[in-house]
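These are the residues of each chain, in order.
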Amino acid sequence: MDLKITNTLTREKEVFRPIDPSHVRVYVCGPTVYDFAHVGNARPVVVFDVLARLLRHLYPRVTYVRNITDVDDKINARARENGETIADLTERTAAQYHQDMAALGALPPDVEPRATHHIAQMIALIERLIANGHAYAADGHVLFAVPSMPDYGRLSRRDRDELIAGARVDVAPYKRDPADFVLWKPSADDIPGWDSPWGRGRPGWHIECSAMSWEHLGETFDIHGGGLDLIFPHHENEIAQSRCAFGTHAMANYWMHNGFVTVEDDKMSKSLGNFVTVREVLADWPGEVVRLLLLSAHYRAPLDFSDAGLKEARAQLDRLYQALRNAGDVPAATAAPPSGDLMAALLDDLNVPLAIARLHEAAGRLNRASDPAERSAAKTALRAGGALLGLLQADPEAWFQGGGDLDPAEIERLIAARADARKARNFAEADRIRDALKAKGVELEDGPQGTTWKRG
RNA sequence: GGCCCCGUGGCAGAGUGGUUAUGCAGAGGACUGCAAAUCCUUGUACAUCGGUUCGAUUCCGGUCGGGGCCUCCA
């Protein structure tokens, strides 16, 4: 069965045909490192982590590139504000980012290039664009000449005239055309800059992704991903730069864009101030809960972030882990392929919510079946399907008993005392112990194999 | 103003031209000393108005409502 993905270029669901089936190449826009990542920043990371896992399952070799932007005017401003060096700020923020994304179960990309390590490639690209007549130097800047590209605007479906009509900012005097955008700009002495044919300066926002994808994936590659808000201008301009520099028909054949995380139906964003950092959420919730919440809506649909949503995600994981816990003695095949129904869901444009429903169905089968072979198959389906989604890989006991400041030895002692009371049919005392534990956030379950506990 | 997207049962959230999504919550039952966990049963859902059709929640058009991009933004 074929993988189908919705291609923003055509706004249609298309069968994915890699340029080279023996090596699939993917680029996703990564963070600008000047502050903690918020939950909205984490969504594309989790979504494209699932895509990468799926592609690795389908193809022998995948190169997944996700950059780090470590040169940017926001970085300069923040470093000055903090009274620290730019290097300190970007290194610290990148390390925090790695920790947070790992907590969300996102595997590292195969290559994580940094913008500042690709200045030479950016300059080379800009020189090509000038040579091709697609860019010009003016007043210390280098600008991309939008009218030089006939089909500029194809991705975002807007033409030059509309852009100018809708422009909400003043047009810089050095632009030949109001739609032109900056490739290179001059740096004052007190901000980062690199020597270039146009004097000491720094790159514009878009050129880095063209340079890094070129370096690590080639002139044309398979999939380019990112958030919806990057379609214009960022991805549109990346396409313009790369295609005009290389004279190619496409920068990437498939463009995938994830929907926003919202808060009470508004986009979560720094400018609205309605954001919650990943770090803040992780203080109260397991990373896997946050991951499941981020995966609970289809990747292109908006996803509302709320406490109720986190509770729901936790309840779902509790159910799935409970099924695994109750089947602790059931053997499951390791390294088994995911079940066909779950694969079919993922192959259909990454229908993760449907894949999660398949996980629930497997949990139901596992709970209900008495036949050992059937139970084993259901447990395998849960584990293997979970692996493809980056879920359900923890030990169920750890899931239910981990976290919090509970003392397992003390709990076991009380459980033993309660068992004695129950044996003596002193149910008042047994219930008293159970209620006392419950008040401390420990819930008991009496099963055929004895009493187990979990945090409430 | 231009360009996009969305509107499913109490909630979250898939999907489909005619037949059960799934999970949570609620109700009833089984099991249990009582619970918990689990299992069983249980819900006249598809914004609205037209059109196409034998038949539309699903296709087309209008209306209403919500959101996003056009400036940094995942």
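Criteria and thresholds
Residues numbered from 1 in each chain as written. Chains lettered and ligands numbered in written order. Predicted model: local features only at pLDDT ≥ 70, side-chain atom pairs only at ≥ 80, totals over all residues. Heavy atoms only, no water. Helix = DSSP H or I, 4+ residues; strand = E, 2+ residues; numbered from the N terminus. Buried < 20%, exposed > 50% of the residue type's maximum accessible area, 1.4 Å probe, protein only. Areas by Shrake-Rupley, 256 points an atom, 1.4 Å probe, with all protein chains shown as cover. Pairing = 2+ DSSP bridges. Axes fitted to C-alpha atoms, helices over the stretch in contact; angles between N-to-C directions. Contact = heavy atoms within 4.5 Å. Salt bridge = Lys/Arg side-chain N within 4 Å of Asp/Glu carboxyl O. Polar contact = N/O pair within 3.5 Å; in protein donor to acceptor, adjacent residues only side chain to side chain. Parallel < 35°, antiparallel > 145°, perpendicular 65-115°, else oblique. Nonpolar A, V, L, I, M, F, W, Y, C, P; charged D, E, K, R; others polar. Right-handed = clockwise from strand over helix to strand, strands pointing away.

**Q** Where do I start with the overall build of chain A in this structure?
**A** Tallying secondary structure elements over chain A gives 16 helices and 15 strands in all. Over its C-alpha atoms, taken along the principal directions, chain A stretches across nearly 90 × 55 × 35 Å. Expressed as a percentage of the 456 residues in chain A, the buried residues total 50%. With the model as given, the accessible surface of chain A reaches about 20300 Å², and the carbon-plus-sulfur share is 51%.

**Q** How should I be thinking about the sheet that holds strand 6 (residues 141–144) in this particular structure?
**A** Hydrogen bonds between backbone atoms are what pair the strands of a sheet, whose relative direction is either parallel or antiparallel. The strand order 5-6-7-8 describes an open sheet built from four strands, whose pairing is antiparallel. Two strands close off the open sheet at either side, each with one partner strand: strand 5 (135–138) and strand 8 (201–203). Adjacent strand axes in the sheet meet at a mean angle of 20 degrees when their direction is disregarded. Pairing between strand 6 and strand 7 (residues 181–186): three bridges, direction antiparallel. Looking at strand 7, one finds that F144 is bridged to F181. Helix 7 (residues 231–246) contacts strand 6 and strand 7 of the sheet and is inclined by roughly 85 degrees relative to strand 7.

**Q** Just to check I follow, could you spell out the pattern of salt bridges for this structure?
**A** Pairs may arise between side chains of opposite charge once their charged atoms sit close together. Scanning the model with the defined rule gives 29 salt bridges in all. Of the charged contacts in the structure, one is a salt bridge between R358 and E361, with a shortest N-O distance of 3.3 Å. One end of the pair, R358, and the other, E361, are both in helix 12 (residues 352–368), three residues apart, so they sit about a helical turn from each other. The salt bridge partner of R434 is D431, with a shortest N-O separation of 3.4 Å. Highlighted residues: R434 and D431, both in helix 16 (residues 427–439), separated by three residues, approximately one helical turn. For R434, a relative accessible area of 33% gives the class partly exposed. Look at the salt bridges and you will find they share partners, linking R325, E397, E445 and K454 into a network.

**Q** I keep staring at the pairing of strand 1 (residues 4–7) and nothing clicks. Help me out?
**A** On any regular strand, side chains alternate: one points to one face of the sheet, the next to the other face. In this structure, strand 1 lies alongside strand 2 (residues 12–15), joined through four bridges in antiparallel fashion. Across the sheet, the residue bridging to K4 is V15, located in strand 2. Counting the residues in the hairpin turn of strand 1 and strand 2 gives four residues, including R11, whose phi is positive at 60 degrees.

**Q** Would you mind showing me how to read the sheet that holds strand 11 (residues 261–263) here?
**A** Taken together, three strands build an open sheet; the order of strands is 12-11-13 and the sheet is mixed. Since the sheet does not close on itself, it has two edges, and those belong to strand 12 (266–267) and strand 13 (303–304), each with one partner.

**Q** Before we go on, may I ask you to explain the side chain of H234 in this structure?
**A** Inspection of the secondary structure puts H234 in helix 7. For H234, a relative accessible area of 3% corresponds to the buried category. Separated by 2.8 Å, the side chains of H234 and E238 make a polar contact. Among residues more than four places away in sequence, those in contact with H234 are C29, W205, H206 and C209.

**Q** Got a minute to help me understand helix 6 (residues 207–217) in this structure?
**A** Burial runs high along helix 6: eight of the 11 residues are buried. For helix 6, the set of buried residues is I207, E208, C209, S210, A211, M212, S213 and L217. The positive-phi residue at the C-terminal boundary of helix 6 is G218, with phi of around 100 degrees.

**Q** What's the story with the packing of helix 11 (residues 340–347) against helix 12 in this structure? I'm lost.
**A** Each pair of packed helices can be described by the angle between their axes along with the distance between the axes. Following both chains from N to C, one finds helix 11 and helix 12 inclined at 170 degrees, their axes separated by 7 Å at the closest point. As the angle between them shows, helix 11 and helix 12 are arranged roughly antiparallel. Side by side, helix 11 and helix 12 meet where D341, L342, A345 and L346 of the first sit next to V352, L354, A355, R358, L359 and E361 of the second. Split into classes, the residues belonging to the contact of helix 11 with helix 12 amount to seven nonpolar, no polar and three charged.

**Q** How do you make sense of unusual backbone geometry when you look at a structure like this?
**A** Note: most residues except glycine have negative phi, and most peptide bonds are trans. With an omega of 0 degrees, the peptide bond between F232 and P233 qualifies as cis. Checked against the element boundaries, P233 lands in helix 7. The phi dihedral of D265 is positive, around 75 degrees, even though this residue is not glycine. For D265, the position within the fold is in the loop between strand 11 and strand 12. One non-glycine residue, D349, lies in positive phi territory at about 55 degrees. With respect to the element layout, D349 can be found in the loop between helix 11 and helix 12.

**Q** Looking at this model, I keep getting lost on the pairing of strand 3 (residues 24–28). Mind explaining?
**A** Among the five residues in strand 3, five count as buried, and that is most of the element. Going residue by residue along strand 3, you find V24, V26 and V28 tucked away on one face and R25 and Y27 tucked away on the opposite face as well. As paired strands, strand 3 and strand 4 (residues 62–66) are joined by five bridges and run parallel to one another. Residue pairing in the sheet places V24 in a bridge with V62 of strand 4. Taken together, strand 3, helix 1 (residues 39–58) and strand 4 form a β-α-β motif whose crossover is right-handed. Of the pairings in the sheet, the one linking strand 3 to strand 9 (residues 221–227) comprises three bridges and is parallel in character. Bridged to V26 within strand 9 is I223.

Geometry only, nothing functional implied.
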